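Examination of the molecular architecture
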Amino acid sequence: MPIAVISSLYRCERHLPGFTAAVFGFAKRVSESGISVHFVPIVNEATRREREEIDRLAKEINSHYFGRMTPQYVPRETLYASWNRGLALSQAPIFTFWNVDDFRAADALIEGYSALQSGANLVDFDYTRVRQVKRFGLFAREERIAVPCMFDGERFTRRNGIGPFFMARRSLYAQTGQFDAIFEVAGDTEWASRALPWVKFQRGGAKGGEFLVHGDNLSNSGGDREDIEVNVIFMRRGAWEQLRPANPTALREAWESWGNTERVAIPPEQAAFLWGAAAERRWKRYRRERNQAPALRRLRLALAARGLMQSVEWSMAQRGRSRP
């Protein structure tokens, strides 16, 4: 039973040496385990070097019989449009994704494959977040943070979306529908929220891999677009307690132009929270608090928890816990 490993690539030259080396080693290891993998790189607006590197990798994998790779070169499209394209190009009954700037663990994929053959239709893993941090603004060091798998098959909140190394069965994709290509950052989260009624979830024991945070990531950036998209996901579901402050002008425009596909009516009190008179001031303070240095942020939250300081971030966290 083959697995489709789909990668959406765009302007990725600086990551290609590490990516191609990692994919080749991964393909060899997985092939030796007896699992057949169809690698589907979707390369957006490929440069000459990107095309040469990906074609060379495909030749190596195909000639060594370490699975099969069929690159596709396309005009620029959203990440989730490329994911849908990759799924249309491969009929493998199991699928997963590999971002060019991440490292994927072969042992986790092997474990996930077994779980998906044994009755699960969605598997997710703990992983490691890796980033460079500067001390005193001068000296960079590598920070490695263990991130636990947070997915909950019973209830969907801001805290329990799927991780970057999840695996799923095509049957779940057929039931849920395509990834919403209008999303640029949080389309995997939006898809997982729709998949909930059909999910048979299993948490993997292995680490899924390493997620590299380098400043150019689509997700985990804390940017306006990510905040807006996550709010739209919960607005569509009427999960008002999950909403957080976001740029009120941009959020309202997004909701009215592309977000409200379910024709959801926003209650007046929620409209006031999202884009009312006090919304911009609340959002700016929320953004400042989240961007504080980690030590100051922890201190502020600790003081807010004891009632010794006001904090928008703390009050929003309590809002999210308001429903049992």
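Preceding this paragraph is the structure being described.
Per-chain numbering applies: the sequence of each chain, read as written, is numbered from 1 onward. Per-residue local features are limited, in this predicted model, to residues with pLDDT of at least 70; the limit for side-chain atom pairs, both in listing and counting, is 80 or more; totals at the level of whole chains, interfaces and linings are taken over all residues. Here the side-chain values reflect all heavy atoms present in the structure, with hydrogen atoms and water set aside.

1. So, the overall build of the protein
Quick reminder of the rule: Under the scheme used here, helices are H or I runs from DSSP no shorter than 4 residues and strands are E runs no shorter than 2 residues, and both carry numbers assigned from the N terminus. Think of it in three bands: residues with accessible area under 20% of the maximum for their type are buried, residues over 50% are exposed, and the middle band is partly exposed, with areas taken using a 1.4 Å probe on protein chains only. Whether two residues are in contact is decided by their heavy atoms: any pair within 4.5 Å suffices. To measure how exposed things are, a 1.4 Å probe is used in the Shrake-Rupley method; for residues, cover is taken only from the protein chains shown.
Counting its secondary structure elements, the protein contains 12 helices and 10 strands. The principal-axis extent of the C-alpha atoms belonging to the protein is close to 65 × 50 × 40 Å. Counting every position in the protein, which comprises 324 residues, the buried fraction comes to 48%. Nonlocal contacts in the protein, meaning residues at least 24 apart in sequence, comprise 74% of its contacts between residues at least 6 apart. For the protein, the accessible area works out to roughly 16,000 Å², and carbon and sulfur atoms hold 50% of it.

2. A few points about the pairing of strand 2 (residues 37-44)
Put simply, the rule reads: In this description, strands pair whenever DSSP reports at least two bridges between them.
Of all eight residues in strand 2, eight are buried, a share of seventy percent or more. Every second residue of strand 2 is oriented toward a common face, with Val37, Phe39, Pro41 and Val43 on one face and His38, Val40, Ile42 and Asn44 on the other, all of them buried. Examined bridge by bridge, strand 1 (residues 3-10) and strand 2 share eight bridges and lie parallel to one another. Of the residues in strand 2, the one forming a bridge with Ser7 is Pro41. Judged from the two bridges that link them, strand 2 and strand 3 (residues 68-69) form a sheet pairing that is parallel. Paired with His38 across the bridge in strand 3 is Arg68. With three bridges connecting them, strand 2 and strand 4 (residues 72-74) associate as parallel partners. Paired with Val43 across the two strands is Tyr73, which belongs to strand 4.

3. Structural notes on the side chain of Glu313
So the rule is basically this: N or O atoms closer than or at 3.5 Å make up a polar contact, with two conditions inside protein: a donor-capable atom paired with an acceptor-capable one, and, for residues adjacent in sequence, both atoms drawn from side chains.
Residue position: Glu313 is located in helix 12 (residues 312-320). Side chain to side chain, Glu313 and Arg300 meet in a polar contact 2.9 Å long.

4. Overview of the packing of helix 1 (residues 16-32) against helix 4 (residues 106-117)
Spelled out, the test is: Axes here refer to lines fitted to C-alpha atoms; in helices the fit is confined to the stretch in contact. Angles between the N-to-C directions go from 0 to 180 degrees. Each angle receives one of four descriptions, namely roughly parallel if under 35 degrees, roughly antiparallel if over 145, roughly perpendicular if within 65 to 115, and oblique otherwise. Two helices crossing with the near one rotated counterclockwise from the far one by less than a right angle form a left-handed crossing, whereas a clockwise rotation gives a right-handed crossing.
For the pair helix 1 and helix 4, interaxial distance at closest approach is 9 Å and the crossing angle is 40 degrees. Compared by their axis directions, helix 1 and helix 4 come out oblique. The two elements helix 1 and helix 4 meet at a crossing, and its hand is right-handed. Taking contact as the criterion, the partners of Phe26, Arg29 and Val30 in helix 1 are, on helix 4, Ala106, Asp107, Leu109 and Ile110.

5. Let's talk about the side chain of Thr20
Tracing the backbone through its elements, the reader meets Thr20 in helix 1. The class for Thr20 is buried, based on a relative accessible area of 13%. There is a polar contact of 3.2 Å between the side chain of Thr20 and the backbone oxygen of Pro17. Residues contacting Thr20, with those up to four places away along its chain left out, are Glu53 and Leu57.

6. What to know about the pairing of strand 1
What counts is decided by this rule: If you view a crossover with the strands going away from you and the path from the first strand over the helix to the second runs clockwise, you call it right-handed.
Where burial is concerned, most of strand 1 is hidden: seven out of the eight residues are buried. The parallel pair strand 1 and strand 2, bridged by helix 1, forms a crossover whose chirality is right-handed. The pairing of strand 1 with strand 5 (residues 94-97) spans four bridges and is classified as parallel. What sits directly across from Val5, in strand 5, is Thr96.

7. Things to note about the nonpolar core
Definition in use: Take the buried residues of types Ala, Val, Leu, Ile, Met, Phe, Trp, Tyr and Cys, join any two whose side-chain atoms come within 4.5 Å, and each joined set is a nonpolar core.
Membership of the largest hydrophobic core comes to 52 residues, with the highest contact counts inside it found for Phe95, Phe151, Phe166, Phe179, Trp191 and Met235. Here this core takes six residues from helix 7 (residues 224-237), the largest share from any one element. Residues within four places of Phe166 in sequence aside, it is in contact with Trp83, Phe95, Thr96, Phe97, Arg104, Leu122, Val123, Asp124, Phe179 and Trp191. Counting residues in hydrophobic clusters, the runner-up holds 40 residues, among them Ile54, Phe66, Trp98 and Leu109.

8. Some points on helix 6 (residues 187-195)
Counting buried residues in helix 6 gives eight out of nine residues, a clear majority hidden from the surface. Within the span of helix 6, buried status applies to Gly187, Asp188, Thr189, Glu190, Trp191, Ala192, Ser193 and Ala195.

9. A few points about unusual backbone geometry
Residues other than glycine seldom take positive phi values, yet Arg11 does so here, at roughly 45 degrees. Position of Arg11 among the secondary structure elements: in the loop between strand 1 and helix 1. Judged by its relative accessible area of 44%, Arg11 falls in the partly exposed class. The phi torsion at Tyr65 lies on the positive side, around 60 degrees, for a residue other than glycine.

10. Some details on helix 9 (residues 268-275)
Applicable threshold: It is the directions from the helix axis to the C-beta atoms that the arc portrays.
Looking only at helix 9, the buried set comprises Gln270, Ala271, Phe273, Leu274 and Trp275. For helix 9, the angular spread of buried residues about the axis comes to 160 degrees, placing them on one side. Opposite the buried face of helix 9, at more than 90 degrees from it, the exposed residues are Pro268 and Glu269.

11. A short note on the packing of aromatic side chains
Where we set the bar: Each pair of aromatic rings taken from Phe, Tyr and Trp, with Trp reduced to its six-membered ring, is defined by centres within 6.5 Å and is described as stacked if the planes are under 30 degrees apart, edge-to-face if over 60, and tilted in the remaining cases. In our convention, an over-ring charge means Lys NZ or Arg CZ found within 6 Å of a ring centre and within 35 degrees of that ring's normal.
A full pass over the atoms with the stated rule returns 21 aromatic pairs. Aromatic pair Phe26 and Phe39: ring centres 6.3 Å apart, planes at 75 degrees, arrangement edge-to-face. Of this pair, Phe26 sits in helix 1 while Phe39 sits in strand 2, placing them 13 residues apart in sequence. Taken as a pair, Phe26 and Phe39 share a single burial class, namely buried. For the ring pair Tyr127 and Phe211, a centre distance of 6.2 Å and an interplane angle of 70 degrees mean the geometry is edge-to-face. Of this pair, Tyr127 sits in strand 7 (residues 122-135) while Phe211 sits in strand 10 (residues 201-213), and the two are 84 residues apart along the sequence. For the pair shown, Tyr127 and Phe211 are each scored as buried. Feature note: the residues Tyr80, Trp83, Phe95, Phe97, Phe166, Tyr173, Phe179 and Trp191 constitute an aromatic cluster, connected by ring pairs. Cation over ring: Arg51 sits above Tyr73, and NZ or CZ is 3.9 Å from the ring centre. In this structure, Arg287 is placed above the aromatic ring of Trp283, and the distance from its NZ or CZ to the ring centre is 4.3 Å.

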